[in-house]
Every structure is written in structure tokens, then in C-alpha cells.
Amino acid sequence: MADECFRHPRLAAVYDPLDPDRVDLDPYLRMAQEYGARRVLDIGCGTGTFALMLAERGIETVGVDPAAASLRVARGKPGGERVRWIHGDATALPPLAADLATMTGNAAQEIVDSEEWRRTLRGAREALRPGGRLVFETRVPARRAWEEWNREATYVVTDVPGVGAVEYWVDLIAVSGPLVTFRQTYGFAADGQVLTSESTLRFRERQEVEAELHAQGYAVEDVRDAPDRPGREFVFVARRVEAVAGRVETGA
């Protein structure tokens, strides 16, 4: 189930104004160009920012997300009609034969259950054409990003057009092995309403991710650095492979 920040209509409506700088998406655009992708599946598309960036460049794009409120925001944006939006997740997708599948931002880490993660990887693989690629990011556990998740470091007030001033901050709730839970708080000055959203992310080691990708029918082509957060994230590039007559085919 999607977190409250994506499911609640009032929170989904301010998601983009509270996080307007999406330079983190630029490397994914470059990879779509690098691999000559003509059809892209954006898993966990949220409010559709990346999916619309792809569609604007003439790429056939499918965005899938379990949060209906976020998809309503995505559909209502200029160019929203260019994207095929699917309410759901990657475990039950129609045949797409995509060249590229992506999970940007926290999409991969928000899948904390091991079996759900396996089913997501399998579902993404089935949505790819033979030889198609899955690209996603996950934070480097050793960098302990959660140590910066506190009110002092995250507090901001943003004036959102048509909404008014919105206070926002993050509080760390718990760290339990690879699972980190935090709470986001939103205060709306217009009427005094305060809403919260709790999220849990799974911090996976590089070897763990690579092993699971191999187990689910991928070859890991590359593990890159995130240009906007050097040394803080792994960006995995995995190709769908096929087993044919005792050997592995990687497709075209």
C-alpha cells in the first residue's frame, strides 16, 4: 500500500511544490536516450513528473502507481493524456514489451517485503522486451542517510499557489536492521490542519541487490553513481536475459 503522502488527496496535491527540484531525474532521461528507448515503463510514477518528461520527448510511456490520488494529479498535468496511467503495481502488468523500466526516487526502497520485492522484479522483467533494461536507485547503507532525517535539518515553509503556506519537516522514528522508519509532517496555515505520513524504507547492500537481480532473470550491466548525490546512491542497470538451450541470451 502506498504511503499517506501519496494516497491523501491534500498531500498528493502539494507533493510537487514541496519538491520542485528534480535534477535527480536527468540521469534517467540520459539513459533513456543512451539505450535508444522508445517505450518506457515508469514504476512508482507518483505524480507523473518523470513519465511526462519522457512523453514530452516523444517516448511512449506507461506510468504505474498504487496511489490513486497521485495518479489524479499526474493525469491533470499538461500533457497527461500522452501517458498511459495504470493504477496498481509492477506485479500485475499487461504485456508491454518495454525497452526500459525505471524506479526513481524512493520507489525501490519503499518495497520493504522480500517476497514483494522479488515479485516486483519478476513483474518488471515480464514487462520488458527480451534484452530490455531495468534501472533503479537505492541509497548506500553505509552513508546512513537517516541521520539527517530530523526537524532541524529538514524544516521548511513553502508558499504553495492556491494553497498557502505549508510547513514541512521529517522526524526519524526507528532504525531496525535494514528498515528505517520516518514521519513527515505537513502543517497547512490556511486552516491549521496538520497531516502526517509515516514511511519505511529498506536499505539493501549492493551484493544483496545484485544477487536478487540475477535470481530473477537479469544480468547486472552496471552499477553507477548518482550524479546529484555522489557516493550516496547505487544506480543499478540490469538487462533482461533469456535462458535458451543451456545458455544465456541477452537479446538485442
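Residues numbered from 1 in each chain as written. Predicted model: local features only at pLDDT ≥ 70, side-chain atom pairs only at ≥ 80, totals over all residues. Heavy atoms only, no water.

**Overview of helix α2 (residues 9-18)**
Argument step 1. Among all positions of α2, only Leu11, Ala12, Val14 and Asp16 are buried.
Argument step 2. The secondary structure elements touched by the buried residues of α2 are α1 (4-7), α4 (49-56), α5 (68-75), β6 (156-160), β8 (179-188) and β9 (194-202). (Buried < 20%, exposed > 50% of the residue type's maximum accessible area, 1.4 Å probe, protein only. Helix = DSSP H or I, 4+ residues; strand = E, 2+ residues; numbered from the N terminus. Contact = heavy atoms within 4.5 Å.)

**Quick notes on helix α8 (residues 206-215)**
Argument step 1. Turning to α8, its buried residues number three or more, namely Val209, Glu212 and Leu213. Projected onto a plane normal to the axis of α8, the buried residues spread over an arc of 100° and lie on a single side. Exposed residues on α8 whose side chains face more than 90 degrees from its buried face are Gln207 and Ala215.
Argument step 2. The elements touched by buried residues of α8 are α6 (114-127), β5 (128-139), β10 (218-225) and β11 (233-240). (Arc of directions from axis to C-beta.)

**A look at the sheet that holds strand β2 (residues 60-65)**
Argument step 1. Pairing within the open sheet is mixed, and its 7 strands lie in the order β3-β2-β1-β4-β5-β11-β10. The open sheet has two edge strands with one neighbour each: β3 (84-87) and β10. Between one strand axis and the next, the sheet turns through 20° on average, direction left out of account.
Argument step 2. Of the pairings in the sheet, the one linking β10 to β11 comprises 7 bridges and is antiparallel in character. Note that in β11 the partner of Val220 across the bridge is Ala238.
Argument step 3. Sheet strands touched by α6: β1 (39-43), β4 (98-103), β5, β10 and β11. Its angle to β5, the strand with the most contacts, is close to 140°. (Pairing = 2+ DSSP bridges. Axes fitted to C-alpha atoms, helices over the stretch in contact; angles between N-to-C directions.)

**Comments concerning the pattern of salt bridges**
Argument step 1. Using the criterion set out here, one finds 24 salt bridges in the structure.
Argument step 2. Where Arg125 meets Glu242, a salt bridge forms, and the shortest distance between an N and an O atom there is 3.5 Å. Of this pair, Arg125 sits in helix α6 while Glu242 sits in strand β12 (residues 242-244), and the two are 117 residues apart along the sequence.
Argument step 3. Arg125 gets classed as buried once you look at its relative accessible area, which sits at 14%.
Argument step 4. A relative accessible area of 19% places Glu242 in the buried class.
Argument step 5. Notably, a salt bridge pairs Glu221 with Arg133, separated by 2.8 Å at the nearest N-O pair. Of this pair, Glu221 sits in strand β10 while Arg133 sits in strand β5; the two residues are 88 residues apart in sequence, bridging distant segments of the chain.
Argument step 6. Under the relative-accessibility criterion, Arg133 is labelled buried at 11%.
Argument step 7. Salt bridges here are not isolated pairs; linked through shared partners, they connect Glu115, Arg118, Arg122 and Glu212. (Salt bridge = Lys/Arg side-chain N within 4 Å of Asp/Glu carboxyl O.)

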